[in-house]
Amino acid sequence: MMSAEEKAKKGLSVMTSEYELEGRIPTGKAIILGMQHVLAMFVGNLTPILVIGGACSLGDAGLMVSVIQNAMLVAGLVTLVQLWTIGPIGARLPCIMGTSSGFIGVMSGVAGSMGGGVVAYGAILGACFIGGIFEMVLGFMLKPLRKFFPSVVTGTVVTAIGLSLISVGINSFGGGNNNPDFGEMTNLFVGLAVLIFIIVLKHFTKGIWSAASILFGIIFGYILCAILAMFLDTTYVVEGQTYVHSWVLQWDKVAAAAWFSLPKIMPVKFVFDARAIIPIMIMFIVTAVETIGDLSGIAEGGLGREATDKELSGGVACDGIGSTFATFFGVLPNTSFSQNVGLVGMTKIINLFALTMGALFLVLCGFCPKLAAVVQLMPQSVLGGAAVMMFASIVVSGIQLITKDGIGNREVTIVAVSLGLGYGLGSTANVLAHMPAFVGYIFGGSGIVPAAIVAIILNIVLKKDPEEPEAEPLWD
């Protein structure tokens, strides 16, 4: 199949399908498909700011709103660089960037050790400024390191990413485990209804209805919640305190948001402190491995091939320079979003123009808080209905990568031990409680990091047996 550039040289139309990487599709269609990616990552993009900003009292200092606004602007701009590249920076793959949740554990520890407050947040930003430059350099040096990331390793990392996100999706499905009504029947009903609606659109319709099933499923969830509010109580009481149900659309927050606001540059001053720099620098190595897994999952799930050295190098470099750029706006590191890897694997929609529309919407949200507020009020159970299917698709992409070159005894051992020991240790609460604190910050939580490290080590230690017959791929 000819690329858009080849068609243009021959004088042919460059209008292409959403299932092709390059070329133009109708703008209206591109906006719809791009919005799917924004909705999939919007809440996750703001969560690290809310958690770490809260620990550092940004709200009390009147800075939280500005930093949240900047987080949307930065995510959009860095995504555009990742999509279209600037020199060697960027993967030119359908990859959405956003504020990384992977740093929350380490940054929470840093905030605690420094007593919280805006100064601690400034120290985190100073460390991220340095760490981003370090990751960018690491990206440029990635080619000689590629031999340590064959398909069995990257596939294991992608699988670990998917497994770690499934619990996140289920938590949203139940209404958000931080809400007192978590697991309530109405939340489960909304999540299940959205999931069924998406499956019906995906497999029983054609055209834009099938391609944009996630977006239409989320819109259906909004409508369903509005209807439920007409017939059910929107508040409930727990221990004498009144709460609003998590499935309720609180439009008053949209009404209170401004139509236009300029982003603030350097809302928090940098502080350079070794207590923040050392642990956060280590996490930048970790997030580089995760980005390699994300880009590998996108290439396999969306393009049916492995990511090239150039794509991986440019993608990791964009992670780094994007994270450094984010600090000037008071925003935490920007990295590839695994949520959107699942969306690519599920829908197979890889058109860069469509994702560009999503990135431009994020930039627009950075200037229009009211627009952002409409997306931000999305009930967790609505997002969860879509997330369960998307995140499980990442696991499938990981399995495809693992089995791409065949699977023998060596590959079985690498995958089994990496996911069993590495992912098990990282994802089991308190199993590392008696280890030094930095071990828990780096290896605890998601399970992605220990699984990746174990897979890399075993791939080096376990040499291929020349007498073992070449394994056959399980599928082409």
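Just so we're clear, the structure is a prediction, and the values are computed from it rather than from any experiment.

J.: Quick question: what am I supposed to make of the overall build of the chain here?
T.: Across its full length, the chain holds 19 helices and four strands. Expected size for 476 residues packed as a compact globule is a radius of gyration near 23 Å; at 22 Å, the chain falls within 12% of this value. Each principal axis of the C-alpha atoms in the chain carries an extent, and together these give about 70 × 55 × 45 Å. Within the chain, the proportion of its 476 residues that are buried is 56%. Put simply, the chain shows about 19,800 Å² of open surface, and 68% of that area lies on carbon and sulfur atoms.

J.: Teacher, can you tell me more about the pattern of salt bridges here?
T.: Any two side chains of opposite charge can pair, on the condition that their charged atoms come close. By the definition in use, this model includes five salt bridges. A salt bridge links K29 to E18; its shortest N-O distance comes to 2.8 Å. Here the residue K29 occupies a position in helix α2 (residues 27-55), and E18 occupies one in the loop between α1 (4-9) and α2, the gap between them amounting to 11 residues. A relative accessible area of 6% means that E18 is categorised as buried. D273 is paired through a salt bridge with R275; the nearest N and O atoms lie 2.9 Å apart.

J.: What am I meant to see in empty space enclosed by the protein here?
T.: Here the idea is plain: a probe the size of a water molecule rolls over the atoms and shows the empty space left. This structure, assessed with the given rule, holds one cavity of 30 Å³ or more. As for the largest cavity, its lining consists of R146, T154, S296, R305, E306, A307 and L401. Among the residues making up the lining of the largest cavity, the classes are represented as two nonpolar, two polar and three charged.

J.: For this particular structure, what's the right way to read the side chain of T159?
T.: With respect to the helices, strands and loops of the structure, T159 is situated in helix α6 (residues 151-173). A residue is classified by how much of its surface remains accessible, and T159, at 5% relative accessible area, is buried. Discounting chain neighbours no more than four positions away, the residues touching T159 are V395, G398, I399, I402 and L419.

J.: Explain the packing of α6 against helix α19 (residues 448-461) to me, please; I cannot follow it from the model alone.
T.: For the pair α6 and α19, the least separation of the axes is 9 Å and the interaxial angle reads 165°. By the angle class used here, α6 and α19 are roughly antiparallel. With respect to the hand of their crossing, α6 and α19 are arranged in right-handed fashion. Mapping the contact onto sequence places V152, V153, T156, V157, A160, I161 and S164 in α6 and I448, A451, A452, A455, I456 and N459 in α19.

J.: Can you walk me through unusual backbone geometry in this structure?
T.: Unlike most non-glycine residues, R92 shows phi in positive territory, near 55°. At K348, a position not held by glycine, the phi torsion is positive, near 65°. For K348, the location among the structural elements is in the loop between α13 (338-347) and α14 (352-367). Residue classification places K348 among the partly exposed residues on the basis of a relative accessible area of 35%.

J.: Please explain the pairing of strand β2 (residues 235-238) as it appears in this structure.
T.: Looking along a regular strand, one sees the side chains alternate between the two faces of the sheet. One ladder, built from four bridges, connects β2 with strand β3 (residues 241-244); its direction is antiparallel. Bridge pairing links V238 to Q241 in β3.

J.: Teacher, can you tell me more about the nonpolar core here?
T.: When a protein is soluble and globular, its nonpolar side chains tend to lie buried together. Membership of the largest hydrophobic core comes to 141 residues, with the highest contact counts inside it found for I49, Y121, I124, I280 and M390. When residues of this core are assigned to their parent elements, the largest contribution, 12 residues, is made by helix α11 (residues 274-303). Those residues in contact with I49 that lie beyond four places of it in its chain are G54, M64, V67, I68, A71, T99, Y121, V331 and L332.

J.: What's the story with the confidence of the model for the chain in this structure? I'm lost.
T.: Low pLDDT marks regions whose predicted coordinates should not be analysed in detail. Here the chain shows a mean pLDDT of 83. Residues at 70 or above account for 91%. Highest mean pLDDT in the chain belongs to helix α12 (residues 309-327) (95); lowest belongs to α1 (52).

J.: What is the right way to look at helix α3 (residues 64-84) in this model?
T.: Between its first and last C-alpha atoms α3 spans 31 Å; for 21 residues at 1.5 Å apiece the expected length is 30 Å, and the two agree. Counted residue by residue, α3 has 16 buried out of 21 residues, so it is predominantly covered. Just downstream of α3, T85 is the residue with a positive phi angle, here 70°.

J.: Hey, could you run me through the state of the cysteines in this one?
T.: Each disulfide consists of a covalent bond between the sulfur atoms of two cysteine residues. For the coordinates displayed, the defined rule picks out zero disulfides. C95 takes part in no disulfide bond, and the closest cysteine sulfur, belonging to C318, lies 7.8 Å away. Using a relative accessible area of 1% as the deciding quantity, one classes C95 as buried. Free of any disulfide, C365 has its nearest neighbouring cysteine sulfur in C368, separated by 7.2 Å.

J.: Just checking my understanding: could you explain the environment of I407 for this structure?
T.: Structurally, I407 is set in the loop between α16 (380-402) and α17 (409-427). For the pair formed by I407 and D181, sequence separation is 226 residues and the distance between their alpha carbons is 45 Å.

J.: Where do I start with the packing of helix α9 (residues 213-231) against α16 in this structure?
T.: The axes of two packed helices give the description: the angle between them and the distance between them. Following both chains from N to C, one finds α9 and α16 inclined at 155°, their axes separated by 8 Å at the closest point. When the axes of α9 and α16 are compared, the pair comes out roughly antiparallel. Between α9 and α16 lies a crossing of right-handed hand. Judged by residue contacts, I214, I218, G221, Y222 and C225 of α9 engage V382, A386 and M390 from α16. Its residues assigned to classes, the contact of α9 with α16 shows seven nonpolar, one polar and no charged.

J.: Can you help me understand the environment of I166 in this one?
T.: Looking at the element boundaries, I166 is found in helix α6. Distance in space between the C-alpha atoms of I166 and C128 is 28 Å, their sequence separation being 38 residues. Here I166 is in contact with F391, A392 and V395, once residues within four sequence places are set aside.

J.: Looking at this model, I keep getting lost on a nonpolar patch on the surface. Mind explaining?
T.: Taken together, I219, I223, I227, M230, F231 and L232 make up a surface patch of nonpolar side chains, about 630 Å² in accessible area. Overall, the relative accessible area of 49% leaves I223 in the partly exposed class.

J.: How should the packing of aromatic side chains be read in this particular structure?
T.: The way to describe two aromatic rings as a pair is by their centre distance and the angle between their planes. In total, this model carries 11 aromatic pairs according to the counting rule given. With centroids separated by 6.2 Å and ring planes inclined at 85°, the aromatic side chains of F270 and F272 adopt a geometry described as edge-to-face. On the accessibility criterion, F270 (19% relative accessible area) is buried. Arranged with centres 5.7 Å apart and planes meeting at 50°, the rings of F270 and F328 form a pair that is tilted. Taken together, the residues F270 in the loop between α10 (251-256) and α11 and F328 in the loop between α12 and β4 (334-336) connect sequence positions 58 residues apart. Taken together, the ring pairs in this structure connect F129, F270, F272 and F328 into an aromatic cluster. The ring of W259 is capped by K370, whose NZ or CZ atom sits 5.1 Å from the centre of that ring.

Analysis parameters
- Residues numbered from 1 in each chain as written.
- Predicted model: local features only at pLDDT ≥ 70, side-chain atom pairs only at ≥ 80, totals over all residues.
- Heavy atoms only, no water.
- Helix = DSSP H or I, 4+ residues; strand = E, 2+ residues; numbered from the N terminus.
- Rg over C-alpha atoms; globule rule 2.2 N^0.38 Å.
- Buried < 20%, exposed > 50% of the residue type's maximum accessible area, 1.4 Å probe, protein only.
- Areas by Shrake-Rupley, 256 points an atom, 1.4 Å probe, with all protein chains shown as cover.
- Salt bridge = Lys/Arg side-chain N within 4 Å of Asp/Glu carboxyl O.
- 1 Å grid on protein atoms, 1.4 Å probe; cavity = no way out; pocket = protein on both sides within 12 Å on 5 of 7 lines; lining within 4 Å.
- Points joined across faces, edges and corners; volume = space filled by probe spheres on them.
- Nonpolar A, V, L, I, M, F, W, Y, C, P; charged D, E, K, R; others polar.
- Contact = heavy atoms within 4.5 Å.
- Axes fitted to C-alpha atoms, helices over the stretch in contact; angles between N-to-C directions.
- Parallel < 35°, antiparallel > 145°, perpendicular 65-115°, else oblique.
- Left-handed = near helix turned anticlockwise from the far one by under 90°.
- Pairing = 2+ DSSP bridges.
- Core = buried A, V, L, I, M, F, W, Y, C linked by side-chain atoms within 4.5 Å.
- pLDDT = per-residue confidence, 0-100.
- Expected span 1.5 Å × (residues − 1).
- Disulfide = S-S within 2.5 Å.
- Patch = residues over 30% accessible without salt bridge, like charges linked within 9 Å, V, L, I, M, F, W, Y side chains within 5 Å.
- Phe/Tyr/Trp six-rings, centres within 6.5 Å; stacked < 30°, edge-to-face > 60°.
- Lys NZ or Arg CZ within 6 Å of the ring centre and 35° of its normal.

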